[in-house]
Amino acid sequence: MVHAALAEVAANRCFGGWHRRYRHRSATLNCEMVFAVYLPPQAASGSVPALYWLSGLTCSDENFMQKAGAMRVAAELGIALIAPDTSPRGADVPGDPDGAWDFAHGAGFYLNATQPPWAAHYQMHDYVVHELPALIEASLPIDSRRGISGHSMGGHGALVCALRNPGRYRSLSALAPICHAIASPWGEKAFARYLGADRAAWRVWDACELIAGAEERLPLLVDQGEADGFLVEQLQPERLRQACAAVGHPLQLRLQPGYDHSYYFIASFIDDHLRHHAAALTA
């Protein structure tokens, strides 16, 4: 039975299961939020594990569900897909004062802001890691077997959420993640506003910095397109390779010739990522 806190926005039959969108009031973010779930056919007869997908800058819950082509294999594997929004939203939630696309609305960076006015709403880490899974697992036929993945800003979020919360997830992957956010122009802009000028406070939200002291070594699958226009300046996968090598963190970093940063790239490799997660979630 769906929890009364969830209001269904849309429902679509797909590969024997259901894609559904829900609206709810988030106490963590102090606003209304929408998220999407794909329930595979196996959910009709019992609880299933879930892969949490964190999307990138400017995206919402809809991009991955509509463009990634993930539902066919998710149905085969019996894994739910959960796509939160990328930031708090609404008239009462401050956006970028200059209307920039890479900060505020659509750009929550999956951290907990400490600076006004952002701190009142931009608590995306706690929302993704704690509030949303608790709500979903109490409301839908989805259990506590969790994996996490994402793209670009969402890849950064997936890495950070898993590294900061050992034991919370059974599997981890990313596509074209922002690997070293404190040295990325996108990350520097967001962190300075959300977290303040003290760069030392940024380190606990940076994947390369967290790898060194990680209490858990989840095998990490990362795909990166070599024709990605953001590769060198923003994404910096070689920094992640170096950080993992320094401490023996298991990493499979696959550089894909000719692929860019788009959902054409994501759709090309999402099946591999789903199977990577299924190996841990359904073992």
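Shown above is the structure to which this text applies.
Computed from a predicted structure; not experimentally measured.

A. Spotlight on the overall build of the protein. Helices and strands together make up the secondary structure of the protein, namely 9 helices and 9 strands. The C-alpha atoms of the protein give a radius of gyration of 18 Å, which matches the 19 Å a tight globule of 283 residues would have. Taking the principal axes of the C-alpha coordinates as reference, the protein spans close to 50 × 40 × 35 Å. In the protein, which comprises 283 residues, the proportion classed as buried is 57%. With an accessible surface of roughly 10900 Å², the protein has 51% of that area assigned to carbon and sulfur atoms. Charge centroids of the protein, computed over 22 positive and 28 negative side chains, lie 4 Å from each other.

B. Structural context of the sheet that holds strand β4 (residues 48–54). With mixed pairing, 9 strands are arranged side by side in an open sheet as β1-β2-β3-β5-β4-β6-β7-β8-β9. In this open sheet, the two strands that pair with only one neighbour each are β1 (7–14) and β9 (251–256). Each adjacent strand pair in this sheet contributes to an overall mean axis angle of 20°, direction not counted. Examined bridge by bridge, β1 and strand β2 (residues 17–26) share 7 bridges and lie antiparallel to one another. Of the residues in β2, the one forming a bridge with Ala7 is Arg23. Where helix α8 (residues 237–247) meets the sheet, it contacts β8 (220–225) and β9, and its direction lies at approximately 160° from that of β9.

C. Here's a closer look at the environment of Phe103. Along the chain, the position of Phe103 falls in the loop between β5 (80–83) and α3 (124–139). Note: C-alpha distance between Phe103 and Arg239 (136 residues apart in sequence) is 24 Å. Contact partners of Phe103, with chain neighbours within four places excluded, come to Asp96, Trp118, Lys189, Ala190, Arg193 and Tyr194.

D. Fine view of the side chain of Ser149. When you line up the elements, Ser149 lands in strand β6 (residues 142–150). Assessed through its relative accessible area of 1%, Ser149 is described here as buried. In terms of polar contacts, Ser149 uses its side chain to reach the side chain of Ser173, at 2.8 Å. In this structure, Ser149 is in contact with Leu51, Tyr52, Trp53, Leu54, Gly154, Ala158, Ser173, Ala174, Leu175, His273 and His277, ignoring residues within four places of it in sequence.

Criteria and thresholds
- Residues numbered from 1 in each chain as written.
- Predicted model: local features only at pLDDT ≥ 70, side-chain atom pairs only at ≥ 80, totals over all residues.
- Heavy atoms only, no water.
- Helix = DSSP H or I, 4+ residues; strand = E, 2+ residues; numbered from the N terminus.
- Rg over C-alpha atoms; globule rule 2.2 N^0.38 Å.
- Buried < 20%, exposed > 50% of the residue type's maximum accessible area, 1.4 Å probe, protein only.
- Areas by Shrake-Rupley, 256 points an atom, 1.4 Å probe, with all protein chains shown as cover.
- Lys, Arg positive; Asp, Glu negative; His and termini not counted.
- Charge placed at Lys NZ, Arg CZ, Asp CG, Glu CD.
- Pairing = 2+ DSSP bridges.
- Axes fitted to C-alpha atoms, helices over the stretch in contact; angles between N-to-C directions.
- Contact = heavy atoms within 4.5 Å.
- Polar contact = N/O pair within 3.5 Å; in protein donor to acceptor, adjacent residues only side chain to side chain.

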